[in-house]
Amino acid sequence: MRELLVAGAMILVVVMATAVVLTRDPVRQAIVLSGYGIAMGIAFVVLQAPDVAMSQIGVGTVIVPLLVVLAITAIARVLGPDDREERRR
C-alpha cells in the first residue's frame, strides 16, 4: 500500500511539473507553480517528512508564486500598456 501512495505522489509531482513547464502565460504559470508546491508537499508527507512538507507548502505554494505575480505586476507598471502589447507579439 505504501508503494502505491509513493507512486501516486510521484506521478502527481511529474504531472504538475509538466504543467508548469507547458504553461505559457507567466501569471498562469505562477498559479500552476502553486499547485506544484502543493503536490511536492503531498509527496513529502507520503515520504514521512512532515517538517519539510510544511516548509514546502509555505514557501512553494504561497511565497514564491506571490513574489512572481508581484514582480510581473511591477514590470507591467513600468512598461505601460503600449510596451506590453508589443512584447506579446
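Structure: see above.
Because the structure is predicted, anything quoted here is derived from the model rather than measured.

Asks: Before we go on, may I ask you to explain the nonpolar core in this structure?
Replies: For soluble globular proteins, nonpolar side chains are generally found buried alongside one another. By size, the foremost hydrophobic cluster in this structure holds 7 residues: Ala9, Val13, Met16, Ala39, Met40, Ala43 and Val46. Of all the secondary structure elements, the ones that give two or more residues to this core are helix H1 (2–22) and helix H2 (26–46). Top contributing element to this core by residue count: H2, with 4 residues. Excluding its chain neighbours within four sequence positions, the residues that come into contact with Ala9 are Ala43 and Val46.

Asks: Help me understand H2, please; the structure alone is not making it clear to me.
Replies: Every α-helical turn comprises 3.6 residues, leaving residues that sit three or four positions apart pointing alike. Over its 21 residues, H2 extends 30 Å from the first C-alpha to the last, a length consistent with the 30 Å expected when each residue adds 1.5 Å. In the segment just after H2, Gln48 is the residue with positive phi, at about 65°.

Asks: What should I look at first to understand the packing of H1 against H2 in this one?
Replies: The axes of two packed helices give the description: the angle between them and the distance between them. Closest axis-to-axis distance for the H1/H2 pair is 9 Å, and the angle between their directions is 165°. The angle between the axes of H1 and H2 places the two elements in the roughly antiparallel class. Considering the relative orientation of H1 and H2, their crossing is left-handed. Residues Arg2, Leu5, Val6, Ala9, Met10, Leu12, Val13, Met16, Ala17, Ala19 and Val20 of H1 lie in contact with H2, whose contacting residues are Gln29, Val32, Leu33, Gly35, Tyr36, Ala39, Met40, Ile42, Ala43 and Val46. The residue inventory of the contact of H1 with H2, partitioned by class, reads 18 nonpolar, 2 polar and 1 charged.

Cut-off values and rules
Residues numbered from 1 in each chain as written. Predicted model: local features only at pLDDT ≥ 70, side-chain atom pairs only at ≥ 80, totals over all residues. Heavy atoms only, no water. Core = buried A, V, L, I, M, F, W, Y, C linked by side-chain atoms within 4.5 Å. Buried < 20%, exposed > 50% of the residue type's maximum accessible area, 1.4 Å probe, protein only. Helix = DSSP H or I, 4+ residues; strand = E, 2+ residues; numbered from the N terminus. Contact = heavy atoms within 4.5 Å. Expected span 1.5 Å × (residues − 1). Axes fitted to C-alpha atoms, helices over the stretch in contact; angles between N-to-C directions. Parallel < 35°, antiparallel > 145°, perpendicular 65-115°, else oblique. Left-handed = near helix turned anticlockwise from the far one by under 90°. Nonpolar A, V, L, I, M, F, W, Y, C, P; charged D, E, K, R; others polar.

Nothing here speaks to function; it is all geometry.
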